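Coordinate analysis (summary)
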Amino acid sequence: MSRRTVGPNPMDRGRFPIEPWALVETSYSLDDMGVAETLFAVGNGYLGMRGNPEEGRPAYAHGTFVNGFHETWPIRHAETAFGFARTGQTIVNAPDTKVLKIYVDDEPLTFGTADLEHYERRLDFRDGVLRRNLIWRTPSGKRVRIDSTRMVSMTQRHLAVMTLEVEVLTGDAPVVISSQILNRQDGMDEYRMPQHAATTADPRKTMMFAERVLQPRMSHATNDRLLLGYQCAHSGMTLAVAADHVLETQDEHEIVARSDADQAKLVFRVDATRGATTRLTKTVTYHTSRAVPARELADRCERTLDRAKRHGVQNYVEDQRAWYADFWAGADIEVGGDTTGHRAVQQAVRFNLFSLAQATGRIDGLGVPAKGVTGSGYEGHFFWDTEIYVIPFLSYTNPEVARNALHFRSLMLPAARERARELAGSGAMYPWRTINGEEASAYYAAGSAQVHIDADVAYALMKYVGATGDEGFLIREGIDILVETARMWADLGFWRSNGDPSFHIHGVTGPDEYTTVVNNNLFTNVMARFNLDQAAAAITRIRDAHPEEYVRIAARLRLDPAEVEEWQRCADGMTIPYDEGLGIHPQDDYFLDREVWDLSKTPDDLFPLLLHYHPLVIYRFQVLKQADVVLALFLQGERFTPEEKRADFEYYDPITTGDSTLSAVVQSVVAAEVGYHDAALDYFHQSLYVDLADLHGNTVDGLHIASCGGVWSALAYGFGGMRDYHGRLSFDPRLPVAWDSLRFRICWQGSRLLVELDEDRIRFTAIAGDDAVPVSVRGTEYVVTPGAPVEVVLSDQGERIDGLLGERPVVGGRRADGSTITAGVPEPIHPPEELEATGEIPIAAMDAPPLGTHISQS
């Protein structure tokens, strides 16, 4: 049970008013500057810009990120071993083009100290444009209107457009606009102020480089165009960035152009007269490559800007609105109700869906970083998050983008095959975290040991194929993924027999990173079974339906029919831990042998546990960072009975900390299914406001994109009751008591359905496509055809169990050996400075070893 219980409206609505289609800020604050920079970021999946002020300061973390543009560095292990990850990868802060500094009477506009008569910042979900409007009273008493916009194009992947309008409302004044491209990556900003970096042992943050990253390759400036080019010192990746400018003013003005290795600028000096508007349009473009010289990328920049000049900025603004109109036609979800809480939830739902659009819209063959392109958290790495939380959303709302993300995993197969060889295995083993395809997890216990990522990729692939019917992609690329991952599982596991043979997988870590390197992790085994079963079935289907393609596949993959039979045997014989006495599925073979961590007696200031306890302390207890068994109940729900799901949920929920943002969404879905409707809504609110209310305290590092995808899952799968097992759509709704209705859309094999749910009925309408769509509602089959909606009367919304489960663990049960399960809480060892402050210095601390001596605290 997470300690982050929130209501439907936890935000400061005086400052962030409720609007259905926008995130709006009505006053500026330095207190949460970093969070606001993340929330007001704009991006398209390839290029992202944090919500830093145009004036450049103040800022928590300046950020412009290009998906996949990274530097590499050698991982230095204190004690190394064969097969440890060798090459770290970190996303690079690309040169900043957002800078549009403003001076009036030679006085700079600086937030935090400026006298602002009016301030509003608005991020519109319908066009992805960030707008800011303010009236500044200058130190000399003049009133100045300043309006700006910022847009990263969804239709032109490499393009962003910014505008700035300045009008002196009282008197005349010299106005200066300094438009810049600035390399912020290499240590300092233009005021020689260091960037924020990780100062604690928080694995979620990105560390700073000690050496220069971006090596200058070119720089020039003319009266309308700026350009900088770089190459990363170690990865060798190249980047070019350029900006065009159009100044519109009736006042006298001059332009000064300057450039050096790390900065290019155009300074517009305007003798502004009262009431006259000066407008600057800045069009920028970024191009990156793993191998192409910066000079060639500069040529691409020139072509992009020349094309933008021909077409005109307004053309791209209109294209942008059309793109988002199409996105919302397939992705919008509407929550019914007319209270403030309902309206707040509706806004937050759209913010999460909008964030998914900005993180994925133009990935075009790249992965989806954990933070999208809104921050440097997790070093810009790709994880399993994409496959489990994001691709299902994309498969049902924007299938083309889902295929792009899966194509990226296909491109990573060669590196995954090599990684499997390195770990003495067959097939392919995908890296736990990566940018370039190589494993970048330095801590194998909670990284490389999470081999379930292979099954997660296979799961996402089959989710996409089932939702779209895209057998062509399966035959061309997907089958290679299925075959190689199945080979990995068949080789990794082994057979044991005590009468009946059973297949076991040892030495792995499941999604719960508070329990590592175990035998027969339930989630891993359940997902591996799915992977093996789907690989065998897909090969058989292709062999029978596409014999010519099968011959080519068999030759390409050197496929032996005997190994396909072995995959099916492994799937059928997979060990699935179950404790008859307790009536639950243990998380692994020895999970129940541990003492239970009593979260109800753990102080709030010791969460997340990973920042306050050594891993070995955590590993000794039954305590979860995030849903593990419960996630298996969701993803492979047809394999468990309703009674098993409820028993498992009731056992694991009180010992799940929710220290991961990936947990609450899953707990919401399963809570809804088993009847804990209050808990389901509470977990949903926690997921909904992960970033908007900064519930985990690290939104400064970027949005939690997987949690955004999980919000869609909680709505469609949880409250909508949708399931899609074995390529069939079924529904068993669980509408929250507090909601009047729920409406969402799904794409299904070329058709689009509108699903409308209220307390008494569920209705299906085909709103696009010509084919009939079969659906099942609580076991009864229906067919939805164009022009003939189907409405089904509901007698209830499933069993409803009131209240939350609380944090008191289930104890007193008997293990298989007859011993009793007990609970406790480990005493944390406080840092010496905390002990000195309280005067509570334990005797052991008085005999502490000299500074610099390595000790293991537990």
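Summarised in this report is the structure supplied together with it. (Residues numbered from 1 in each chain as written. Predicted model: local features only at pLDDT ≥ 70, side-chain atom pairs only at ≥ 80, totals over all residues. Heavy atoms only, no water.)

Concerning the pattern of salt bridges
Applying the stated rule across the entire model yields 67 salt bridges. Note that Glu673 is salt-bridged to Arg723, the shortest N-O span being 3.0 Å. In this pair, Glu673 is assigned in helix 16 (residues 663–674) and Arg723 in strand 24 (residues 722–723), connecting sequence segments 50 residues apart. Glu781 is the salt-bridge partner of Arg728, the closest N and O atoms lying 2.9 Å from each other. Taken as a pair, Arg728 in the loop between strand 24 and strand 25 (729–731) and Glu781 in strand 30 (residues 780–784) lie far apart in primary sequence, 53 residues in all. Residue classification places Arg728 among the partly exposed residues on the basis of a relative accessible area of 45%. Given a relative accessible area of 46%, Glu781 falls into the partly exposed group. (Salt bridge = Lys/Arg side-chain N within 4 Å of Asp/Glu carboxyl O. Helix = DSSP H or I, 4+ residues; strand = E, 2+ residues; numbered from the N terminus. Buried < 20%, exposed > 50% of the residue type's maximum accessible area, 1.4 Å probe, protein only.)

Quick notes on helix 16
If you check helix 16, its first and last C-alpha atoms are 17 Å apart, about what twelve residues at 1.5 Å a residue would give, namely 16 Å. With eleven of twelve residues buried, helix 16 is to be regarded as a mostly interior element. Of all the positions in helix 16, only Ser663, Ala664, Val665, Val666, Gln667, Ser668, Val669, Val670, Ala671, Ala672 and Val674 are classed as buried. Each element contacted by the buried residues of helix 16 is listed here: helix 5 (385–397), helix 14 (629–635), helix 15 (642–652), helix 17 (677–688), helix 18 (705–719) and strand 24. One or two residues past the end of helix 16 sits Gly675, with phi positive at roughly 110°. (Expected span 1.5 Å × (residues − 1). Contact = heavy atoms within 4.5 Å.)

Considerations on the nonpolar core
Ranked by size, the top nonpolar core spans 222 residues in total, and within it Trp384, Trp567, Phe684, Trp712, Phe731, Trp739 and Leu742 carry the most contacts. In terms of residues, this core owes the most to one element, helix 10 (residues 522–545), which gives twelve residues. Ignoring any residue separated from it by four or fewer positions in sequence, one finds Phe684 in contact with Val345, Val349, Ser668, Val711, Ala714, Leu715, Phe719 and Trp739. Membership of the second largest hydrophobic core comes to eleven residues, among which are Phe607, Leu609, Tyr613 and Phe621. (Core = buried A, V, L, I, M, F, W, Y, C linked by side-chain atoms within 4.5 Å.)

Considering the state of the cysteines
One pass over the full model with this rule turns up zero disulfides. No disulfide involves Cys708; its sulfur sits 20 Å from that of Cys747, the nearest cysteine. On the basis of relative accessible area, Cys747 is assigned to the buried category, the value being 12%. (Disulfide = S-S within 2.5 Å.)

Here's the deal with the sheet that holds strand 31 (residues 790–793)
Taken together, five strands build an open sheet; the order of strands is 19-26-27-28-31 and the sheet is antiparallel. Edge strands, defined here as strands with exactly one partner in the open sheet, are strand 19 (333–336) and strand 31. This sheet shows a mean twist of 15° between the axes of neighbouring strands, independent of strand direction. Of the strand pairs in this sheet, strand 26 (residues 741–748) and strand 27 (residues 751–758) are connected by eight bridges, and their pairing is antiparallel. Each residue of the ladder has a partner; that of Leu742, found in strand 27, is Leu757. (Pairing = 2+ DSSP bridges. Axes fitted to C-alpha atoms, helices over the stretch in contact; angles between N-to-C directions.)

What to know about the packing of aromatic side chains
In total, this model carries 35 aromatic pairs according to the counting rule given. Measuring from ring centre to ring centre gives 6.3 Å for Trp384 and Phe523, while their planes differ by 75°; the resulting arrangement is edge-to-face. Taken together, the positions of Trp384 in the loop between helix 4 (340–360) and helix 5 and Phe523 in helix 10 put the pair 139 residues apart, joining distant regions of the chain. Residue class for Trp384 comes out buried when judged on its relative accessible area of 2%. Residue classification places Phe523 among the buried positions, given a relative accessible area of 0%. For the pair Phe634 and Tyr717, a centre-to-centre distance of 5.2 Å together with 65° between the ring planes defines the contact as edge-to-face. (Phe/Tyr/Trp six-rings, centres within 6.5 Å; stacked < 30°, edge-to-face > 60°.)

Some points on the pairing of strand 8 (residues 115–124)
As paired elements, strand 1 (residues 22–25) and strand 8 share four bridges and run antiparallel to each other. Pairing of Leu23 across the sheet is with Leu123, part of strand 8. As defined by bridge partners, strand 8 adjoins strand 9 (residues 129–137) across eight bridges and the pair is classed as antiparallel. Residue His118 lies in a different strand from strand 9, and its bridge partner there is Ile135. Hairpin remark: strand 8 followed by strand 9, antiparallel, with four residues in the connecting loop; positive phi at Gly128, about 70°.

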